[in-house]
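# Analysis of the macromolecular model
So you can see what is in the structure, the chains are spelled out below.
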Amino acid sequence: QTLSTEEDAQQHVPEYSKCDRDESSSATPVAPITPPVPSVTLEESEQGDRYALPIELQRRPPESKSPTLDAEDREIAAQIKEMFGAKIAQCSLHKLCFEQRFIIGYKTIKNKKKRWQQISADLNYYFEMHTKYDLENIIQTHSTTQELQAWPQFIYGQDKYGHPVMYDLIASSDCAQIKQYFLNHKNKASFGESAFLHVLRFLRKLDNYKVQNSVKYGQRIYQHVQIMDVQKFGFDHLKGDNRKITQAVIGSITRMYPEAVSKIYVINASSAFRKLWSVIEKFLDKATRKKVVVLGSDYLQSLLQDIDSKMI
C-alpha cells in the first residue's frame, strides 16, 4: 500500500525496462514462482483488506481511450518513429506510451514547425538525461537517509482511475537541509546533481508503478496524481539557490515527462502562499497549470472526489 522511495518500491514494483526486453523471442516462458502465503489472523486479514488496492477500477482512466490523431499528429508520430524509434524500443518506453505523451502534450503549440522543433529538442534532452543519470539502472542506487529526510517523497495508494498518488513535501522542507544535502557550492559543475538523482530515481519507480497498474487492470495508465503540502512554505523557498534548483528540476521534469500528471493538489495553502502563486506557477508549463488545484486546510472533500478515503 505504502511505498517508500527506496527498498519497498524495489521489492514491490518490477522495473519495466527489464521486462519483456526481447518480445520477439520464441523461447518458452518460465512459469512464475508463487511465494508461500503467510498465515494471518482474522483481525490482521480484515485490516489488510481495508487498505488493499482495489481489484477493479471505479472509473476508466482518460488516457486509456485511444486518442484521435489528425494528419499533423500522424506526421509527427512518423518523425518520432524515424528519429527516436530505436532508442524508445531499446529502453522499453512504449510501455509508458512514450510517443503518445509527446504528441498529445505538445498539441498546444499551434505552429507545426515549432511544435516538432520543441518535441525533437525535448526528446533529445530526455535521452541525454537518460544516459547521464543512467535511468536504466538508477533504482539500483539509493538516496541517502539525509536526502530522504530533506526532500520527502512517497507513494500512497491510487485514485479511482488507477493513477498512483505521490506526495511531494519539498514546499514544506527545511531550506537549510536542502542546501546542505542537495546544493554543492564547491563545484559549480555538479550544482544540484544529487537533487536530480533523487527526483529522477523516484520518478523511475513511479513509472514502474504505472506499468504495473496498466498490466493489473488491463488499461493504459501513464499518469499520476501529485499532492504537495505547502503548510510550512516560506519566502526562503523562493530565494537564491533554492529557487534556482527548484526551477531547474521542474523545468527538466516538464520536458522529460509530458502528460505524466493527471492532477496536482496543492494543500494547506495559506493566504500568503496564494499571493505568491502567480510567481510560483510560472515554473510550470501552461498545460500543467490547468491541472493544479490550490486548496487550504479544508482540502479533504476535494480529494475525496477522485480518491477513496482509505487511499489518502
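Residues numbered from 1 in each chain as written. Predicted model: local features only at pLDDT ≥ 70, side-chain atom pairs only at ≥ 80, totals over all residues. Heavy atoms only, no water.

### Comments concerning the overall build of the protein chain
Just so we agree on the cut-off: Working definition: helices are DSSP H or I runs of at least four residues, strands are E runs of at least two. Numbering for both runs from the N terminus. Only protein chains enter the accessibility calculation, which uses a 1.4 Å probe. A residue is then buried if its area is under 20% of the maximum for its type, exposed if over 50%, and partly exposed in between. Note that accessible areas follow from Shrake-Rupley with a 1.4 Å probe, and for residues the cover is restricted to the protein chains shown.
Each helix and strand counted, the protein chain has 12 helices and six strands in total. Across the 312 residues in the protein chain, those meeting the buried criterion constitute 44%. Accessible area of the protein chain: about 17000 Å², with a carbon and sulfur share of 53%.

### Some points on unusual backbone geometry
The backbone of glutamate 259 shows a phi angle near 60°, a positive value even though the residue is not glycine. One non-glycine residue, asparagine 268, lies in positive phi territory at about 60°. The topology assignment puts asparagine 268 in the loop between strand 5 (261-267) and helix 10 (271-280).

### Description of the packing of aromatic side chains
Formally: Any pair of Phe, Tyr and Trp rings, taking the six-membered ring for Trp, is counted once the centres come within 6.5 Å. Such a pair is stacked with planes under 30 degrees apart, edge-to-face with planes over 60 apart, and tilted for the rest. Two conditions define a charge sitting above a ring: the NZ of Lys or the CZ of Arg must be within 6 Å of the ring centre, and it must be within 35 degrees of the ring normal.
As enumerated under the stated definition, the model contains 12 aromatic pairs in all. Taken together, a centroid distance of 4.9 Å and an interplanar angle of 5° make the contact between phenylalanine 154 and tyrosine 167 stacked. Of this pair, phenylalanine 154 sits in strand 2 (residues 153-158) while tyrosine 167 sits in strand 3 (residues 164-168), and the two are 13 residues apart along the sequence. Accessibility expressed as a relative area gives 27% for phenylalanine 154, which makes it partly exposed. Classification of tyrosine 167 by relative accessible area gives buried; the value is 12%. Ring centres of phenylalanine 233 and phenylalanine 273 lie 5.2 Å apart, and the angle between their planes is 90°; this geometry places the pair in the edge-to-face category. Highlighted residues: phenylalanine 233 in the loop between strand 4 (224-229) and helix 9 (240-256) and phenylalanine 273 in helix 10, separated in sequence by 40 residues. The rings of Phe84, Phe98, Phe102, Tyr106, Tyr126, Phe127 and Tyr257 are connected pair by pair, giving a single aromatic cluster. The ring of tyrosine 125 is capped by arginine 255, whose NZ or CZ atom sits 4.2 Å from the centre of that ring.

### Describing empty space enclosed by the protein
To keep things clear, this is the line we draw: Of the grid points, spaced at 1 Å and generated over the protein atoms alone, those admitting a 1.4 Å probe that cannot get out make up cavities, while open sets with protein on both sides within 12 Å along at least five of seven lines make up pockets; any residue with an atom within 4 Å of a point is treated as lining. Grid points are joined across faces, edges and corners, and a volume is the space filled by probe spheres set on the points. Residue classes follow a fixed rule: Ala, Val, Leu, Ile, Met, Phe, Trp, Tyr, Cys and Pro count as nonpolar, while Asp, Glu, Lys and Arg count as charged, and any other residue, Gly among them, counts as polar.
Going through the model one piece at a time under the given rule, you end up with two cavities of 30 Å³ or more. By volume, the largest cavity amounts to about 50 Å³. Surrounding the largest cavity, Pro54, Glu56, Leu57, Gln58, Gln158, Asp159, Lys160, Asp308 and Met311 form its lining. Residues of the lining of the largest cavity, tallied by class, amount to three nonpolar, two polar and four charged.

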